[in-house]
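# Structural description and commentary
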Amino acid sequence: MNNMESDERKTVTLSENITIRTATPADIKILMHHRRRMFFEMGYTDEAVLAGMEATSEPFFLKGLANGSFHAWLAENSSQQVVAGGGVIVFDYPPSARDSSPKRPIIVNVYTEPEYRRRGIARKLMEMMIEWCRAQNFGSIMLHASDEGRRLYESLGFQQTNEMRLMLR
Ligand SMILES: CC(C)(COP(=O)(O)OP(=O)(O)OC[C@H]1O[C@@H](n2cnc3c(N)ncnc32)[C@H](O)[C@@H]1OP(=O)(O)O)[C@@H](O)C(=O)NCCC(=O)NCCS
C-alpha cells in the first residue's frame, strides 16, 4: 500500500490546533531537517558527518516515498508550519520464530521542534504510526531509541531487545 499519493489531513486533538498529514516527496527538505536535528540532539554534532548523512539519506528517503517503502507523517501548527514528524521504513527481514513476517517496519526520524515539545505531539505521531503498522498486519515494529525518546516508547509498549552491533567503520 502506498498512501503517500494522498494528502489526506487528519486533525488531532491536542492543546492547540495541530494537524497531522502524510508527507510527500515535496517534503524531503523538512524530513532531512528532522533527521539531521535528531542526530545532532543525540550528540552527533559534527556538521561534516551530518552533511554526509544527509547526502546519502535524501535519495534513500525520496526513493522510499516513491516506491512505498517509506511512509512519513508531519504535524503542522495552525500556520501550516511543520513542527514535528516521524516515519516508517518497511524493509525485507528474515522471518523469525517471534515474527514470521518477511518484512519489518522500523520507525525513524521522530522529531519535535523544541518549542512544541511535551505537548503529546510525538506520542500522537507514534500512535498513528503504530496503528498504520497494525493495519498493514506487521508482527512487530523496530526502532532505535534516543535517551530523550526512550520513556515515550516504553510507555507505548516498546521493549529492549537482544540486538548487538559490530561497527566496521
Ligand atoms: C523525543 C521527542 C521526539 C519527544 O517529542 P514530544 O513531542 O515532546 O513528545 P511528547 O510530548 O509526546 O512526550 C514527551 C514527554 O512530554 C510529556 N508530556 C506530554 N504531554 C504533556 C503535557 N501536556 N504537559 C507536560 N508533559 C507532557 C510526556 O509524558 C513525555 O514525558 P516522558 O518523556 O517523561 O515520558 C523530542 O523530545 C525530540 O525531538 N527530541 C530530540 C530528537 C529525538 O531524540 N528523537 C527521538 C529519536 S529516537
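You'll find the structure just up there.
Cut-off values and rules
Residues numbered from 1 in each chain as written. Predicted model: local features only at pLDDT ≥ 70, side-chain atom pairs only at ≥ 80, totals over all residues. Heavy atoms only, no water. Near = heavy atom within 4 Å. Polar contact = N/O pair within 3.5 Å; in protein donor to acceptor, adjacent residues only side chain to side chain. Areas by Shrake-Rupley, 256 points an atom, 1.4 Å probe, with all protein chains shown as cover. Helix = DSSP H or I, 4+ residues; strand = E, 2+ residues; numbered from the N terminus. Nonpolar A, V, L, I, M, F, W, Y, C, P; charged D, E, K, R; others polar. Phe/Tyr/Trp six-rings, centres within 6.5 Å; stacked < 30°, edge-to-face > 60°. Buried < 20%, exposed > 50% of the residue type's maximum accessible area, 1.4 Å probe, protein only. Axes fitted to C-alpha atoms, helices over the stretch in contact; angles between N-to-C directions. Parallel < 35°, antiparallel > 145°, perpendicular 65-115°, else oblique. Left-handed = near helix turned anticlockwise from the far one by under 90°. Contact = heavy atoms within 4.5 Å.

Contacts to the ligand come from 20 residues, most closely from V110, R118, G120, S146 and R151. Between the ligand and the protein, one listed contact pairs an oxygen atom with a backbone N or O atom of R123 at 2.9 Å. Taking 930 Å² as the accessible area of the ligand by itself, protein coverage stands at 77%. Here the shell around the ligand gets 5 residues from one element, more than from any other, and that element is helix α4 (residues 147-155). Partitioning the shell around the ligand into residue classes produces 8 nonpolar, 5 polar and 7 charged.

Another aspect to go through is the packing of aromatic side chains. The full count for this structure, using the stated rule, is 7 aromatic pairs. Note on W73 and W132: the rings are 5.8 Å apart at their centroids and 65 degrees apart in plane angle, and the pair reads as edge-to-face. Note that W73 is positioned in strand β3 (residues 70-76) and W132 in helix α3 (residues 121-135), a separation of 59 residues in sequence. A centroid spacing of 6.4 Å and a plane angle of 50 degrees characterise the contact between W132 and F138, whose relative ring orientation is tilted. Exposure class is identical for W132 and F138. Each is buried. Through a chain of ring-to-ring contacts, three or more aromatic side chains come together here, namely F60, F61 and F70.

Okay, the packing of helix α1 (residues 28-41) against helix α2 (residues 47-67) next. It is the contact of α1 with α2, at a shortest axis distance of 9 Å, that shows an interaxial angle of 140 degrees. The angle between α1 and α2 places the two elements in the oblique class. When you trace α1 past α2, the crossing you get is right-handed. Each of I28, K29, L31, M32, R35, R36, F39 and F40 in α1 lies in contact with α2, whose residues at this interface are E47, L50, A51, M53, E54, S57, E58, F61, L62 and L65. Here the contact of α1 with α2 is built from residues that sort into 11 nonpolar, 1 polar and 6 charged.

Function cannot be read off these values alone, since they describe shape.
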